[in-house]
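Examination of the molecular architecture
Single-letter residue listing:
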Amino acid sequence: EITKIRARQIFDSRGIPTVEVDLHTNKGMFRAAVPSGPSTGVYDVVELRDGDKGKYLGKCVSGAIKNINEKISEALIGMDPTLQTQIDQAIVDLDKTENKGELGANAMLAVSIAACKAGAAEKEVSLYKHVADLSGQTNLVLPVPAFTLISGGKHAGSNLAIQEIMIVPIGAATFEEAMQIGTETYHHLKGVIFEKYGPAGCNVGDDGSLAPNISSFSEGLDLVKEAIDRTGYSGKIKMALDVAATNFYIGTKYDLDFKSPNKSGQNFKSAEDMIDMYTQLCRDYPIVSIEEPFDKDDWEHTKLFTNLGICQVVGDVLLMSNIKRIEKAIDESTCNALLLKVNQFGTITEAIEAVKMATDAHWGVVMSHRCGETEDSFIADLAVGMTTGIIKAGAPCRGERIAKYNQLLRIEEELGDKAIFAGKNWRLP
Ligand code: PGA
Ligand code: ZN
């Protein structure tokens, strides 16, 4: 049973305060930390921060910590940690708001994850296995890693509007081989960029990916293509994009020059221009998935593009991990994949529900890290247990990113002969 819950403030990979919790049972202590990111909309749950500008620029999480140490702790002491649904319900019931504004989704998720880890220990099974039991999954599938190799948007200081250019080694036979392909391509890309832009081009962005000062989508894709060619694995690697277009939608236009101080204005594109551009890019490069190609509220063009059937279209801020928005997008066929940011749900039970909805609709599911991460590798186990088929955890570089990929290597090793790699079935494993 749960005997003690203690939360503290720690820091994420950007140096911003976040919540960590130690949950104790008769089996030991189980620790979990929550991530955070800048892609937020008006529909998401509340990440509770104190807002006192004199302290950590308003980002302090002492209120969320207090909620864990007092209200949540009081409600959960004595509960059986294997009963995830009941635990999550007890947490959610403490908050009378719809957006988790009283307790904070960050407070809730830290405890939900720690309880999940304790539940696995109580059953004496691996964490991914416990998650699979909770999700009703019998298959344990290693996801294909989507490595971000070049970043722009809000994740890097370059002029590039697009947030992430990823490679997806779907032709690998195992997760380990996917890691080899990912890391080798990353190092080759560093070489390609060094030759063209010098050492300053090799600085990295928030998620460990390279961030040369380029401004066109195709320039970035060409660099990655060149790196792929140098590895000799071109037949095994596909590409994916996270445009994060919500960040540069201004009025009725998309401002591809949104970070440059002296905009010329000639880089404004209409939604129709964007559709043409994506269609052309998918012809020129092996792109299999595009995330957030339009503004979060531009459902019309997202749907138009999805219906062209050129590639998978992933909803991120568009869906905002909000059950009602996911339901609507499924009904209207607005997109055909869910970006799963577990911290936007607040509890594991709610995330499991959303994945069920998405897979029932034959959508893809992309397990996702956040820009601000910690060393907690929970989403690796979550991806295997939920059979998401794909995981995006940044570049194969920087501790907080590699922590997730390393955990997947361990899981593959532990499963041995029984390990199944999603590979070419990444969309519907
Ligand atoms: P984040 O989002 O920067 O808010 O963490 C990552 C993403 O857009 O996928
Ligand atoms: Zn995104």
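My aim in this report is to walk through the structure given alongside it, one point at a time. Here the residue index of a chain counts from 1 through its sequence in written order. As they are written, the chains are lettered A onward and the ligands numbered 1 onward, keeping that order. In view of the model being predicted, local features appear only for residues whose pLDDT reaches at least 70, and side-chain atom pairs are presented and counted only at 80 or more, with totals across whole chains, interfaces and linings using the full set of residues. The side-chain numbers reported here are obtained from all heavy atoms of the structure, hydrogens and water having been left aside.

**Remarks on the side chain of Asp-298**
The condition that has to hold: Counting from the N terminus, the helices are the DSSP runs of H or I reaching at least four residues and the strands are the DSSP runs of E reaching at least two. Only protein chains enter the accessibility calculation, which uses a 1.4 Å probe; a residue is then buried when its area is under 20% of its type maximum, exposed when over 50%, and partly exposed in between. Positive: Lys, Arg. Negative: Asp, Glu. His and the chain ends are not part of the count. Any Lys or Arg side-chain nitrogen located within 4 Å of an Asp or Glu carboxyl oxygen qualifies as a salt bridge. Throughout this description, a polar contact denotes any pair of N or O atoms lying within 3.5 Å of each other; where both atoms belong to protein, one of them has to be capable of donating a hydrogen while the other can accept it, and for residues adjacent in sequence the pair is counted only when both atoms sit in side chains. Any two residues whose heavy atoms approach within 4.5 Å are treated as being in contact.
By the secondary structure assignment, Asp-298 is in the loop between strand 12 (287–291) and helix 8 (299–307). No salt bridge is formed by the buried Asp-298. Its closest oppositely charged neighbour is Arg-325, at 11 Å. A distance of 2.9 Å separates a polar atom in the side chain of Asp-298 from a polar atom in the side chain of His-301. Excluding anything up to four places from it in sequence, Asp-298 contacts Tyr-254 and Ala-271.

**A word on the nonpolar core**
Condition: For the purposes of this section, nonpolar cores are sets of buried Ala, Val, Leu, Ile, Met, Phe, Trp, Tyr and Cys residues that join through side-chain atoms within 4.5 Å.
Ranked by internal contacts, the top residues of the largest apolar core, which has 138 residues, are Ile-68, Leu-76 and Phe-217. The element contributing the most residues to this core is helix 3 (residues 105–123), with 11 residues.

**Some details on the packing of helix 9 (residues 323–331) against helix 10 (residues 348–360)**
Where we set the bar: Each axis is a line fitted through C-alpha atoms, taken for helices only over the stretch in contact, and angles between the N-to-C directions span 0 to 180 degrees. Should an angle fall under 35 degrees it is called roughly parallel, over 145 degrees roughly antiparallel, and 65 to 115 degrees roughly perpendicular, with every other angle called oblique. Think of it as three bins: nonpolar holds Ala, Val, Leu, Ile, Met, Phe, Trp, Tyr, Cys and Pro, charged holds Asp, Glu, Lys and Arg, and polar takes everything else, Gly as well.
Running from N to C, helix 9 and helix 10 cross one another at 5°; their axes reach a closest spacing of 11 Å. Classified by the angle between their axes, helix 9 and helix 10 sit roughly parallel to one another. Along the contact surface, helix 9 presents Ile-323, Ile-326, Glu-327 and Ile-330, while helix 10 presents Glu-350, Glu-353, Ala-354, Met-357 and Ala-358. Looking at the contact of helix 9 with helix 10 residue by residue, the class counts come to six nonpolar, no polar and three charged.

**Overview of the packing of aromatic side chains**
As a reminder, the rule being used: Stacked, edge-to-face and tilted are the three classes for Phe, Tyr and Trp ring pairs, Trp counted by its six-membered ring, which pair at centre distances within 6.5 Å; planes under 30 degrees apart are stacked, over 60 edge-to-face, the rest tilted. Put simply, a charge is over a ring when the Lys NZ or the Arg CZ is close to the ring centre, within 6 Å, and near the line of the ring normal, within 35 degrees.
Under the counting rule described, the total for this entry stands at nine aromatic pairs. The interplanar angle of 45° and the centroid separation of 4.7 Å between the aromatic rings of Tyr-249 and Tyr-254 together place this pair among those described as tilted. A relative accessible area of 27% places Tyr-249 in the partly exposed class. Ring centres of Tyr-278 and Phe-305 lie 5.5 Å apart, and the angle between their planes is 50°; on these two criteria the pair is classed as tilted. With Tyr-278 in helix 7 (residues 271–284) and Phe-305 in helix 8, this residue pair connects regions lying 27 residues apart in the sequence. An identical accessibility class is assigned to Tyr-278 and Phe-305; each is buried. When the ring centre of Trp-299 is taken as reference, the NZ or CZ atom of Lys-328 above it lies at 4.2 Å.

**Some remarks on the pattern of salt bridges**
Counting across every chain of the model gives 25 salt bridges. In this structure, Arg-8 and Glu-20 form a salt bridge, with 2.7 Å as the shortest nitrogen-oxygen distance. One end of the pair, Arg-8, is in strand 1 (residues 2–11); the other, Glu-20, is in strand 2 (residues 17–25), and 12 residues separate them in sequence. A residue is classified by how much of its surface remains accessible, and Arg-8, at 30% relative accessible area, is partly exposed.

**What to know about the layout of surface pockets**
To be explicit about the condition: Here a cavity is any set of points on a 1 Å grid over the protein atoms alone where a 1.4 Å probe fits but cannot get out, and a pocket is any open set with protein on both sides within 12 Å along at least 5 of 7 lines; a residue lines the site when it has an atom within 4 Å of a point. Grid points are joined across faces, edges and corners, and a volume is the space filled by probe spheres set on the points.
Empty space within the largest pocket amounts to approximately 410 Å³. As for the largest pocket, its lining consists of 17 residues, and the residues nearest its centre are Val-45, Glu-98, Lys-100, Asn-322 and Glu-350. Residues that form the lining of the largest pocket fall into these classes: six nonpolar, five polar and six charged. Residue composition of the lining of the second largest pocket, grouped by class: six nonpolar, five polar and three charged.

Coordinates in, geometry out; function isn't part of it.
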